[in-house]
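Examining the three-dimensional arrangement
Residue strings, one per chain:
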Amino acid sequence: MVNTMRAVVYDKPYAVSIHQVPKPTILHPDDVIVKVTTTCICGSDLHMYEGRTAAAPGIVFGHENMGIVDEVGSGVTLLKKGDRVVMPFNVGCGRCLNCEEGRSAFCTLVNPGFAGGAYGYVAMGPYPGGQAEYIRVPFADFNALLLPPGTEHEEDFALLADIFPTGWHGVQLSGFRPGESVAVFGAGPVGLMAAYSAILRGASEVFVVDRVPERLAKAKEIGATPIDFSASDPVEQILKVRGGKEVDRGVDAVGYQAVTGDGKTEQPNAVLEALIRVTRPTGGLGIPGLYVPSDPGAPDSAAAKGYISFPFGKLFEKGLTLGTGQCNVKAYNRYLRDLIVAGRAKPSFVVSHNLSLDDAADAYDKFDKRIDGYTKVLLHP
């Protein structure tokens, strides 16, 4: 029996490569081993790739994973060998208070000392990632979502691991109601999913702010209004289109590596400031974009410790609500799966490339540089 497998391993900033690593085994009766059919490169993987986290060399990347159940622990009751499944990026126990209340992103059991666990991510627990041939799924009855058998909707279902639910969550965090207007900052995969979710949920108007032409073109394709912040102040552009009226809801799908209009100067509070300006009094902000407690490459000493200044006085004056945090994927994934199966949602419009796992190093480089139309990359071991 072969006891090793190929996996994408972090070597140093801006360098990943394929290594032979130990193949996962059943460690607990509640585990399953999944043979990976599709695994995605996520924008949040780039924070580690760029050396902007405390990730150490040797970590196996990959928190957006789907595949076929290959081995089943003796305590697993809902899954069997051969089942097609997709796993939320969150690892949850299904037993703690937060999991019982549907807040599986903040499981208190799987990663003591940190709010939540995930596959293949710095500080998120001892769960190797799925940019590999196989992955171990703990608490599998809770963490694996059953999919229709076959290969149909593979690209769409792969996005149920993270970005489709996370985009939906960003809109949910903002307090959105059908008929309202929404401004989404960031047109990476999560930002595009937030805009798409707002449209699916009945938004009257959706603005998407970015500076990468391919991303803005995708936003326009789905019926959103693209706003290029490299041209001028995006808030002023949105207000001009709306005759001076602010939007009802704002979504930050950028996070702590926000930049100014030149695309090069980092300003961690840029999106937060813009959202407070562009959102109407008593409106709401949803912040699914990633912010971290420590950033080795931060532009200043405060941001390096996770401290970011923003106009709290204006936030208070306008009575804005603020929702933050990682997505509780399990709260949404089965419903979004059923929208896909019914033909009412097709999130795979964001997918730009389907590649072999062996192409990962080149894919990371191009996705990080936002070149050659690399908007969302799916890897197939």
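Residues numbered from 1 in each chain as written. Predicted model: local features only at pLDDT ≥ 70, side-chain atom pairs only at ≥ 80, totals over all residues. Heavy atoms only, no water.

With respect to the overall build of the protein
Scanning the protein from terminus to terminus reveals 13 helices and 17 strands. Its C-alpha atoms give the protein a radius of gyration of 20 Å, near enough to 21 Å, the size a compact globule of 381 residues would have. Each principal axis of the C-alpha atoms in the protein carries an extent, and together these give about 65 × 40 × 40 Å. Sequence separation of 24 or more characterises 71% of the internal contacts of the protein that already satisfy a separation of 6 or more. Averaging the positions of the 36 positive and the 42 negative side-chain charges in the protein gives two centres separated by 4 Å. (Helix = DSSP H or I, 4+ residues; strand = E, 2+ residues; numbered from the N terminus. Rg over C-alpha atoms; globule rule 2.2 N^0.38 Å. Contact = heavy atoms within 4.5 Å. Lys, Arg positive; Asp, Glu negative; His and termini not counted. Charge placed at Lys NZ, Arg CZ, Asp CG, Glu CD.)

Here's the deal with the sheet that holds strand β10 (residues 181-185)
On the basis of which strands lie adjacent, the open sheet formed by six strands has the order β12-β11-β10-β13-β14-β15 and parallel pairing. Each edge of the open sheet is held by one strand with a lone partner, namely β12 (225-228) and β15 (321-324). Between one strand axis and the next, the sheet turns by 20 degrees as a mean value, whatever way the strands run. Both strand β14 (residues 279-287) and β15 contribute to a ladder of four bridges, which runs parallel. Note on β15: the bridge partner recorded for G286 is G323. (Pairing = 2+ DSSP bridges. Axes fitted to C-alpha atoms, helices over the stretch in contact; angles between N-to-C directions.)

What about the state of the cysteines?
Counted by the stated rule, this structure contains zero disulfides. Lacking any disulfide linkage, C99 is separated from the closest cysteine sulfur, that of C96, by 3.7 Å. Given the relative accessible area of 7%, C99 is considered buried. There is no disulfide at C107, and the cysteine sulfur nearest it, in C93, is 3.6 Å away. On the basis of relative accessibility, which here comes to 0%, the residue C107 falls in the buried class. (Disulfide = S-S within 2.5 Å. Buried < 20%, exposed > 50% of the residue type's maximum accessible area, 1.4 Å probe, protein only.)

Examining helix α7 (residues 213-221)
Each full turn of the α-helix corresponds to 3.6 residues, which orients residues three or four apart in the same direction. All of the buried residues along α7 are R215, L216, K218 and A219. Summarising the axial view, the buried residues of α7 lie within an arc of 155 degrees, below the 170-degree limit, and thus occupy one face. Of the exposed residues in α7, those oriented more than 90 degrees away from the buried face are P213, K220 and E221. Contacts made by the buried residues of α7 are with α6 (189-200), β11 (205-210) and β12. A positive phi of about 100 degrees marks G223, the residue just after α7. (Arc of directions from axis to C-beta.)

Observations regarding the pairing of β14
Sheet analysis places strand β13 (residues 247-252) next to β14, joined by four bridges and oriented parallel. Each residue of the ladder has a partner; that of R249, found in β14, is G284. Tracing the backbone out of β13, into helix α9 (residues 270-278) and back to the parallel element β14 gives a crossover that is right-handed. (Right-handed = clockwise from strand over helix to strand, strands pointing away.)

Let's talk about the pairing of strand β2 (residues 15-22)
Note: strand β1 (residues 4-12) against β2, eight bridges, orientation antiparallel. Along β2, the bridge assignment pairs V9 with S17. Hairpin connection from β1 to β2: two residues lie between these consecutive antiparallel strands, with Y14 at a positive phi of about 70 degrees.

Digging into the UniProt feature "domain: Alcohol dehydrogenase-like N-terminal" (unreviewed entry) in the protein
The UniProt entry lists residues 29-139 under the feature "domain: Alcohol dehydrogenase-like N-terminal" (unreviewed entry), expressed in the numbering used here. Taken end to end, residues 29-139 comprises 10% helix and 27% strand; its first and last C-alpha atoms sit 9 Å apart. (UniProt positions renumbered as here; feature names shortened; annotations may be inferred.)

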